[in-house]
Amino acid sequence: MLPRLERYLLQDFPFIHLIIGGFGNTAFLIGSVCFLFPSLERIALWLFVLGSLGMFVGSLGEVFVRHARKSRRRTQS
């Protein structure tokens, strides 16, 4: 099960991690701007949380992609 899921997420769709990270960066930026307005502090806080989570998931996915590529190169050599 895990190898099929790994192949599906890492080999077939590695750009998903970039999209998730890009969403996180965008949410973080919008949250930063929202903090300039006191009435939007609650929205800013949640955008920060969601943005941080998106950046974390995107980075973690990229780590898995790079690790999988290195492992494949080692086995092919």
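Scroll up for the structure.
All figures in this text were calculated on a predicted structure; none of them were measured in a lab. (Residues numbered from 1 in each chain as written. Predicted model: local features only at pLDDT ≥ 70, side-chain atom pairs only at ≥ 80, totals over all residues. Heavy atoms only, no water.)

1. A look at the pattern of salt bridges
Enumeration according to the criterion identifies 1 salt bridge in this entry. Salt-bridge contacts for glutamate 62 lead to arginine 66; the nearest nitrogen and oxygen are separated by 3.2 Å. Of this pair, glutamate 62 and arginine 66 both sit in helix 3 (residues 41–76), 4 residues apart, which is roughly one turn of the helix. (Salt bridge = Lys/Arg side-chain N within 4 Å of Asp/Glu carboxyl O. Helix = DSSP H or I, 4+ residues; strand = E, 2+ residues; numbered from the N terminus.)

2. Topic: helix 2 (residues 15–34)
Between its first and last C-alpha, helix 2 extends 29 Å over 20 residues, near the 28 Å set by a 1.5 Å rise per residue. For helix 2, the complete set of buried residues consists of His17, Gly21, Gly24, Ala27, Gly31 and Cys34. The arc enclosing the buried residues of helix 2, seen along the axis, measures out at 140 degrees, which places them on a common side. For helix 2, the exposed residues lying more than 90 degrees away from the buried face are Leu18, Ile19 and Leu29. (Expected span 1.5 Å × (residues − 1). Buried < 20%, exposed > 50% of the residue type's maximum accessible area, 1.4 Å probe, protein only. Arc of directions from axis to C-beta.)

3. Description of the packing of aromatic side chains
A full pass over the atoms with the stated rule returns 2 aromatic pairs. Consider the rings of phenylalanine 35 and phenylalanine 48, whose centres lie 5.2 Å apart with planes at 90 degrees: the pair is edge-to-face. Note that phenylalanine 35 is positioned in the loop between helix 2 and helix 3 and phenylalanine 48 in helix 3, a separation of 13 residues in sequence. By relative accessible area, phenylalanine 48 is classed as partly exposed at 24%. Grouping aromatic residues by their ring pairs yields a cluster made of Phe28, Phe35 and Phe48. (Phe/Tyr/Trp six-rings, centres within 6.5 Å; stacked < 30°, edge-to-face > 60°.)

4. Some points on a nonpolar patch on the surface
On the surface, Leu53, Phe56, Val57, Leu60 and Phe64 cluster together to form a nonpolar patch covering roughly 470 Å² of accessible area. Relative to the helices and strands, leucine 53 resides in helix 3. (Patch = residues over 30% accessible without salt bridge, like charges linked within 9 Å, V, L, I, M, F, W, Y side chains within 5 Å. Areas by Shrake-Rupley, 256 points an atom, 1.4 Å probe, with all protein chains shown as cover.)

5. Description of the environment of histidine 17
Position of histidine 17 relative to the elements: it lies in helix 2. Sequence spacing of histidine 17 and phenylalanine 64 is 47 residues, and the spatial spacing of their C-alpha atoms is 9.9 Å.

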